[in-house]
Amino acid sequence: MRWDNLAENPTSARDAALFGTDVVTTRTFDTPEFRGITFHEIRARSIVNRVPGASRMPFEWTVNPYRGCSHACVYCFARKTHSYLDLDTGIGFDSQIVVKINAPELLRRHLASRRWQGAHIAMGTNVDCYQRAEGRYRLMPGIISALRDRANPFSILTKGTLILRDLELLRQAAQVTEVGVSVSVGFTDQELWRTVEPGTPSPERRLDAVRTLTDSGIACGVLMAPVIPFLGDSADQLRATVRAIAASGATSVTPLVLHLRPGAREWFMQWLREHHAYLVPRYERLYAEGAYAPKWYQRRITRQVHELADEFGIGPAGRAGRRRVLVAETPETTEVPDAPDVAPEPGPTQLTLL
């Protein structure tokens, strides 16, 4: 692996040090939930990461306590980031998890700095901070506590129901600052879920978590992402998903169409050839111009979902006055001074208020 190439005195962002070889501890755990997964425990040099200006994100700073993700979503745009450590972007991304074990203490120190102005911090924008590893390493309670103690606004995007473990901390933080929570549920189709998101809680369990959060006073929106062309975009599938999201008590629904960046594109297309070979030519045509589906397709999906949201009472009129948090289509960051994530690619962002 590329630990030794992360220089102490980098001459460019790409060479920036994430950690040194002397602080890497590799562990495996022979328990059912972690079987086949290797954890690389590191002491990071920084934890608050600046978002590149070219990305047009609605937030400037992120915290990512993990690299790699056991959710194993075949479409995950963050797969490319593993290549900067000479780790595989396919199975390696799913099973070689980098854990920044000192993330809470680093964040607390950063927030106490005189230079820090209390800007919004987004989490879950690269890989999920409530993936299975969080059940063992418990980094998020310390992170949320640090933000709460400084009354620093933050938001969390997740597919993990483990967020409910930290419900009381979220309540406490919401009493002193702006807290936004969004759960990702792109579809409710069981067969599709089992094949494209094999390491995640089921869509039903995620929507149960939305209900628990909203019932507990934590407003929670749903990022309906990704809408997968030809597999999860039929009128009946969209209707079923929006209906279930509305029934969960979500404050809003924001549809985002699948985008296929380098790293994710190769892995997804390999999966498509194995499971739905007849769709490969259609995908090659739909994504012929790059990572994004054509604007006409994105607009069609957005219009359909918005119409359904209005029908089920979670459109703009139905959610007037509720707490809102900014979410974007391509929540990607470059860590500073960590090894950089994927460079922003020009494309639509569809900034949306949740």
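Quick summary incoming for the structure in this document. (Residues numbered from 1 in each chain as written. Predicted model: local features only at pLDDT ≥ 70, side-chain atom pairs only at ≥ 80, totals over all residues. Heavy atoms only, no water.)

Our next topic: the sheet that holds strand β1 (residues 25-28). Sheet strands pair by backbone hydrogen bonding; their relative direction is either parallel or antiparallel. Pairing is mixed across the open sheet formed by 4 strands, whose spatial order is β1-β2-β6-β5. At either end of the open sheet lies a strand with only one pairing partner, and these are β1 and β5 (66-67). Pairing analysis gives 5 bridges linking strand β2 (residues 38-42) to strand β6 (residues 96-100), with the strands arranged parallel. Directly across from I42, in β6, lies its bridge partner K100. (Pairing = 2+ DSSP bridges. Helix = DSSP H or I, 4+ residues; strand = E, 2+ residues; numbered from the N terminus.)

So, about the pattern of salt bridges. As enumerated under the stated definition, the model contains 12 salt bridges in all. With a closest N to O distance of 2.7 Å, E134 and R165 form a salt bridge. Of the two residues, E134 sits in helix α3 (residues 133-137) while R165 sits in the loop between β8 (154-158) and α5 (167-174), which places them 31 residues apart along the sequence. The salt bridge partner of R211 is D215, with a shortest N-O separation of 3.5 Å. (Salt bridge = Lys/Arg side-chain N within 4 Å of Asp/Glu carboxyl O.)

Before going further, it helps to examine α5. For α5, the set of buried residues is L167, L169, L170 and A173. The buried residues of α5 occupy an angular sector of 160° when projected down its axis, which confines them to one face. In this structure, the buried residues of α5 make contact with α4 (140-149), β8, β9 (179-184) and α7 (203-215). (Buried < 20%, exposed > 50% of the residue type's maximum accessible area, 1.4 Å probe, protein only. Arc of directions from axis to C-beta. Contact = heavy atoms within 4.5 Å.)

Where helix α8 (residues 235-247) contacts helix α11 (residues 295-311), the axes come no closer than 9 Å and their chain directions differ by 45°. Taken together, the axes of α8 and α11 are oblique relative to one another. When you trace α8 past α11, the crossing you get is right-handed. Facing L238, R239 and V242 of α8, the residues of α11 in contact are I301, Q304, V305, L308, A309 and E311. Of the residues in the contact of α8 with α11, the class split is 6 nonpolar, 1 polar and 2 charged. (Axes fitted to C-alpha atoms, helices over the stretch in contact; angles between N-to-C directions. Parallel < 35°, antiparallel > 145°, perpendicular 65-115°, else oblique. Left-handed = near helix turned anticlockwise from the far one by under 90°. Nonpolar A, V, L, I, M, F, W, Y, C, P; charged D, E, K, R; others polar.)

We now examine helix α9 (residues 264-275). With 12 residues, α9 extends 16 Å from end C-alpha to end C-alpha; this agrees with the ideal 16 Å at 1.5 Å per step. Residues of α9 that are buried make contact with α6 (190-196) and α10 (280-286). (Expected span 1.5 Å × (residues − 1).)

Now for the sheet that holds β8. Read across the sheet, 7 strands follow the order β3-β4-β7-β8-β9-β10-β11 without closing on themselves; strand pairing throughout is mixed. Two strands close off the open sheet at either side, each with one partner strand: β3 (48-50) and β11 (253-257). Across the sheet, the axes of successive neighbouring strands diverge by a mean angle of 25°, strand direction being ignored. With 3 bridges connecting them, β3 and strand β4 (residues 61-63) associate as antiparallel partners. Bridge assignment links R50 to a residue of β4, and that residue is W61.

Look at any regular strand and the pattern is simple: side chains alternate between the two faces of the sheet. Counting buried positions along β6 gives 4 out of 5 residues, so the element sits mostly inside the fold. When β5 meets β6, the two strands line up antiparallel, connected through 2 bridges. Of the residues in β6, the one forming a bridge with R67 is V98.

This brings us to the packing of α4 against α5. Across the interface, α4 lies against α5 with an axial gap of 9 Å and an inter-helix angle of 15°. On the basis of their axis angle, the class for α4 and α5 is roughly parallel. You can see that α4 and α5 cross each other, and the crossing is left-handed. Across the interface between the two elements, P141, I144, S145 and R148 from α4 touch L169, L170, Q172 and A173 from α5. Here the contact of α4 with α5 is built from residues that sort into 5 nonpolar, 2 polar and 1 charged.

Let us look at the environment of P58. Within the secondary structure layout, P58 lies in the loop between β3 and β4. When the C-alpha positions of P58 and A122 are compared, they lie 9.6 Å apart, and in sequence the two are 64 residues distant.

On the secondary structure map, R211 appears in helix α7. With 38 residues separating them along the chain, R211 and G249 place their C-alpha atoms 5.6 Å apart. Beyond its immediate sequence surroundings of up to four residues, R211 is in contact with A247, S248 and G249. A polar atom in the side chain of R211 sits 2.6 Å from the backbone oxygen of A247. (Polar contact = N/O pair within 3.5 Å; in protein donor to acceptor, adjacent residues only side chain to side chain.)

A225 connects to P226 through a cis peptide bond whose omega is -5°. Residues other than glycine seldom take positive phi values, yet A72 does so here, at roughly 60°. Take A72: it is sitting in the loop between β5 and α1 (91-95). Exposure remark for A72: the relative accessible area of 14% places this residue in the buried category. Positive phi, normally seen in glycine, also occurs at F230, with a value near 70°. Here F230 lies in the loop between β10 (220-227) and α8. Classification of F230 by relative accessible area gives partly exposed; the value is 25%.

Within the fold, T251 resides in the loop between α8 and β11. Take T251: its relative accessible area is 7%, and that puts it in the buried class.

What is shown is where atoms sit, not what they do.
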